[in-house]
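Topology and contacts: notes
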Amino acid sequence: MKISKEKFGQAFDALVAEYQIIAPVSDANGIAFKGVKSFSEVKQDYLNSKLPPKAFFFPQHEKLMSYKKEGKDVSVKSELKVENTVLFGIRPCDAKGMQLLDMVFKNDQYTDPYYYERREKSVIIGVACNKIAPTCFCSSFGISPAGSEGSDLLLIDLGDSYDVEMITEKGKALAARFEALSELSADEQALVDKIKSAVTPSKVDVSNTTSKLDKMFNSPFWDTLQEKCIGCNVCSFSCPTCHCFDISEEVRKNEGTRVRTWDACMAPLFTLHGSGHNPRDQKKARWRQRLMHKFNYFVHNNGAMACVGCGRCIKSCPVNMDIRQVIDGANKAELVVE
Amino acid sequence: MGEIQVEAENKKYEPKIAAFLCNWCSYAGADLAGVGRVQYPATIRTIRVPCSGRINPLYVLKAMANGADGVLVSGCHPGDCHYISGNYVARRKFALIKSLLNHVGLEEDRISFSWVSAAEGIRFAEVVKGVTERVSALGPNNGIFKVDDGGAADE
Amino acid sequence: MNKIINDIRETARQLLAEGKVDVVIGYEKGSLPLKATPCFVHSPESVDLLIWDETCENNLAGYLAKTPGKKAIVAKGCDSRALAVLLQENQLVRDDLYIIGVSCHGVIDQRKIGAEVGEILEASINDGKISVKGMEGDKEYLFTELKDATCQTCRYPNPVIEDLHIGETIEVAQEAPAFADVTEMENKSNSERQEYFKEQMSKCIRCYACRNACPLCYCQECFVDCNSPKWLTGGVNRAENLFFQAGRVLHLAGRCVDCGACTRACPQGVDIRALNRKMTKDVYVMFNHESGISEEGKPALNEYSANDPEEQFLVKE
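Residues numbered from 1 in each chain as written. Chains lettered and ligands numbered in written order. Predicted model: local features only at pLDDT ≥ 70, side-chain atom pairs only at ≥ 80, totals over all residues. Heavy atoms only, no water.

1. Some words on the overall build of chain A
If you tally the helices and strands in chain A, you get eleven helices and eleven strands. Compactness check: chain A gives a C-alpha radius of gyration of 22 Å against a globular reference of 20 Å for 338 residues, within 12% of the reference. When the 338 residues of chain A are sorted by exposure, 55% land in the buried category. Taking the intrachain contacts of chain A between residues at least 6 apart in sequence as the baseline, contacts between residues at least 24 apart amount to 72%. For chain A, the exposed surface amounts to about 15200 Å²; the carbon and sulfur share of it is 50%. Side chains of chain A give 45 positive and 43 negative charges; the mean places of these two sets differ by 5 Å. (Helix = DSSP H or I, 4+ residues; strand = E, 2+ residues; numbered from the N terminus. Rg over C-alpha atoms; globule rule 2.2 N^0.38 Å. Buried < 20%, exposed > 50% of the residue type's maximum accessible area, 1.4 Å probe, protein only. Contact = heavy atoms within 4.5 Å. Areas by Shrake-Rupley, 256 points an atom, 1.4 Å probe, with all protein chains shown as cover. Lys, Arg positive; Asp, Glu negative; His and termini not counted. Charge placed at Lys NZ, Arg CZ, Asp CG, Glu CD.)

Laid out in structure tokens, this is it:
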């Protein structure tokens, strides 16, 4: 079913009363996901945002709780305040990234209440990609530029209307507010089929990467790989699936707050223990960790690769470390015979 | 109830000024002012450092970040440093600190540097009076460098 | 340009074959159009990876202290100044270094191109002309239009310290540095400047790419990582970001060589140079000092004179 952009815009604007709406807007640095009050503020023709939308479920700096000591009593207050949210314009790679984050923040042993409260109270309206950049390589992971995994509703841009696909119950409920839905014409259906069958020209072969990495922990491949990395946090902060964090206490006299902030395994002090020992004090160990985590450990633990091929790390890395080249290198690396 | 309210309104705004004083000259000068019962506003919170050369620019930033409305840094007169050259090194640093902080929009009068010797008790009081007047006129710190307890990211 | 590349490769080949160095650090073609990437060549067979052109934007000096053994480095003017400061500060052993100096006309500002043509699909550089095919359009540029802001005011295109010079030397006008960009900012009102820097700081995501790309930020424990005392809390907001940037710039005052690597590394386009340039100007005007212009000498804040200016900052009584 399709809806004209005009009608969609009206439904969108009506949502503003009940939901916080996050959508792609143009800013000094490119595209960013920000709060909007009307469909007219949304950037129509865009590739993707500079930073991933994971911050809406997993903020960069989040107050977990605050506490106050009064005499012998301590009062603890939760700092979690979540509004109903609609995330509009999420690309299939980022939506899939949310699904991967779900595996981390909710599993058999633990559900992260902060992440989950935000997740439950939001609806994701994905928008399929009409344009593919040379740094996009989502097809490597079985993600389609028109993929629906992770979205509640998927829209495909047909020019002056959107093809609307209901993916989840949540999405269906939201779509109930859309008026004047109509059937797609034959041409429009053909366009939808074309978009759905698109693949990214850039693809890495990851079919054997996990099993290859199983045997590569001591490979000399890691020695040369890490040389040019400068150990900043750009790749981790730009990645839709990276999720490492640090928890700290900010205390002043008798009051304090417990805070969670993003952290990155690329930082030299990431694994510094209280004792002073640092198991990953070599950059080589940190790069090995990054690649193994994304393409081996995560696969063993959760059954999926922790990369969605969005290309942000490739574009933003100050020294042009290209994860596609790294994967190719790992695939080709000689195994050291023990 | 009414009395207390009136009192609160009449109370003038008193700035909090972090004062980094070098042990051998400025701190001794402040001490001399105290011993001589020379009056000066109780706005400064003194932090004794061994030498003005010890001042890391982060101290000034952190004092502002923690809510100080102004910062005073005071050392020995050039040529009189107990450690010979500490204040010469500090002199260059202070010039740059003042210049950069002013450049990012911090009001000039919030950060003050002075040379006060151990014998200058009265002068120390005058310096503090002057600094207090200028910082009061600017009003409270508007949070340009605020580092908040668990402060939320702003949009 | 080709002769320079050949000479760089030949020099690297000889140095490695003769065992004079264990590694040559230079640039190779990156995986994206108009992007070069640092290259670590360990064997004579791989020297043909080395390139030299207007995309060689990284400052390689920062890698040296962390690379063991004897190393050669392809250094442009600003990189060599960083080397000079590192030597002044005893961070490097001169005998372990072989500096291959190349005079530099400047590097391209990638961000400018991206803003106009979108993501770059293809590009080529020919004789000072850059043709770009982007996702949102095609364009032809003259190199001078795309020159990085740092390079536009560069006064040291020729390496100040080197073991071998490749290519010609570039003539520099002998006039004193101008700092027009800093003066323009200084002439704005206090509140205008505050607004400008607040806006810049709202873009910062505290990824520390600026710090890590800088050859002179080499502290084992940076103040941002320090827990005792805890200077920063990790709150990503304008005020704390400004604290970080101002703190870093003040730690670099008198040492920064104005290479621009920080601003180019920043994924968010924060105008970090505005702060560093202010310090560079002050250090020049107040102390008549330019950092890293020779191997001898000391950074500005390690020296002092009896005549250092003090009226500008002393409290008025």
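What follows continues from the structure just given.
2. A word on the interface of chain B and chain C
Listed as interface residues are 47 residues of chain B and, on the opposing side, 49 residues of chain C. Taken as a group, B:R92, B:L96 and B:H103 account for 21% of the area that chain B buries against chain C, more than any other trio of residues on that side. Counting across the chain B and chain C interface gives two salt bridges. Here C:D308 ties to B:R92 by a salt bridge, and the two come within 3.0 Å at their closest N and O atoms. Seen at the junction of chain B and chain C, the total is 19 residue pairs in polar contact (both at pLDDT 80 or more). Of all the secondary-structure elements, those providing two or more residues to the side of chain B that touches chain C are α3 (57-65), α4 (86-103), β4 (111-115) and α5 (121-138) of chain B. Residue contributions to the side of chain B that touches chain C peak at 14 residues, all from α4(B). Classifying every residue of the side of chain B that touches chain C gives 24 nonpolar, eleven polar and twelve charged. (Buried area = accessible area lost by both parts, 1.4 Å probe. Salt bridge = Lys/Arg side-chain N within 4 Å of Asp/Glu carboxyl O. Polar contact = N/O pair within 3.5 Å; in protein donor to acceptor, adjacent residues only side chain to side chain. Nonpolar A, V, L, I, M, F, W, Y, C, P; charged D, E, K, R; others polar.)

3. Focus on the nonpolar core
Counting residues in each nonpolar core, the largest one holds 113 residues, and the members touching the most others are A:L291, A:F295, C:W52 and C:L83. Of the residues forming this core, the biggest block, seven residues, is contributed by helix α3 (residues 77-88) of chain C. Other than its neighbours up to four places away in sequence, A:L291 contacts A:L213, A:W222, A:N296, A:I323, A:V326 and A:A330. By size, the runner-up hydrophobic cluster in this structure holds 62 residues, among which are B:M64, C:M185, C:Y208 and C:L242. (Core = buried A, V, L, I, M, F, W, Y, C linked by side-chain atoms within 4.5 Å.)

4. Observations concerning the pattern of salt bridges
Working definition: two side chains of opposite charge can pair if their charged atoms are close together. As enumerated under the stated definition, the model contains 47 salt bridges over all chains in all. Two residues, A:E188 and A:K2, come together in a salt bridge whose shortest N-O distance is 2.9 Å. Note that A:E188 is positioned in helix α5 (residues 186-196) and A:K2 in strand β1 (residues 2-4), a separation of 186 residues in sequence. Pair check on accessibility: A:E188 and A:K2 agree, each one buried. Residue C:D96 is joined to C:K70 by a salt bridge in which the shortest nitrogen-to-oxygen separation is 3.3 Å. A residue pair is termed long-range when its members are at least 10 positions apart, and C:D96 in the loop between α3 and β5 (97-102) and C:K70 in the loop between α2 (61-64) and β4 (71-75) qualify at 26 residues.

5. A short note on α5(B)
Residues and elements named next belong to chain B. Compared with the 26 Å implied by 1.5 Å per residue over 18 residues, the 26 Å span of α5 between its first and last C-alpha is a close match. Considered for burial, the residues of α5 that qualify are G121, F124, A125, V127, V128, G130, V131, T132 and V135. The inward-facing, buried residues of α5 contact β1 (17-22), α2 (26-35), β2 (44-49), β3 (70-75) and β4. One or two positions beyond α5, positive phi appears at G139, with a value near 80°. (Expected span 1.5 Å × (residues − 1).)

6. Notes on helix α8 (residues 190-203) of chain C
For α8(C), with 14 residues, the first-to-last C-alpha span of 21 Å sits near the 20 Å given by 1.5 Å per residue. Residues C:R193, C:Q194, C:F197, C:Q200, C:M201 and C:K203 constitute the buried set of α8(C). Buried residues along α8(C) sit in contact with α4 of chain B together with α7 (180-186), α10 (238-252) and α12 (273-287) of chain C.

7. As for the packing of helix α2 (residues 92-105) of chain A against helix α3 (residues 113-120) of chain A
All names here are of chain A. Viewed as axis vectors pointing N to C, α2 and α3 meet at an angle of 140°, and their least axial separation amounts to 10 Å. On the basis of the axis angle, α2 is oblique to α3. Where α2 crosses over α3, the two elements pack in a sense that is left-handed. Contacts between α2 and α3 involve M98, Q99, L101, D102 and F105 on the former and, on the latter, Y115, Y116 and R119. Counted by class, the contact of α2 with α3 contains five nonpolar, one polar and two charged residues. (Axes fitted to C-alpha atoms, helices over the stretch in contact; angles between N-to-C directions. Parallel < 35°, antiparallel > 145°, perpendicular 65-115°, else oblique. Left-handed = near helix turned anticlockwise from the far one by under 90°.)

8. Considering unusual backbone geometry
Residues and elements named next belong to chain C. Looking along the chain, the bond that leaves S228 and enters P229 is cis, with omega of 5°. Although it is not a glycine, L34 adopts a positive phi angle of roughly 60°. Of note, L34 is situated in the loop between β1 (23-29) and β2 (36-41). Take L34: its relative accessible area is 7%, and that puts it in the buried class.

9. A short note on the sheet that holds strand β5 (residues 73-78) of chain A
Residue and element names in this part refer to chain A. An order of β5-β4-β11-β10 is seen for the four strands of this open sheet, with the pairing classed as antiparallel. The outermost strands of the open sheet, each flanked by one partner alone, are β5 and β10 (245-252). When strand polarity is set aside, the average angle formed by the axes of neighbouring strands in this sheet is 20°. Here eight bridges tie β10 to strand β11 (residues 255-262), and the two strands are oriented antiparallel to one another. From the neighbouring strand, F245 faces β11, where its bridge partner is W262. (Pairing = 2+ DSSP bridges.)

10. Some thoughts on the packing of α4(B) against α10(C)
Describing two packed helices takes the angle between their axes plus the distance from one axis to the other. Between α4(B) and α10(C), the least distance of the axes is 11 Å, while the angle of their chain directions is 150°. Crossing of α4(B) over α10(C) shows right-handed handedness. On the side of α4(B), the interface is formed by B:L96, B:I97 and B:L100, while α10(C) contributes C:A246, C:V249 and C:L250. Looking at the contact of α4(B) with α10(C) residue by residue, the class counts come to six nonpolar, no polar and no charged.

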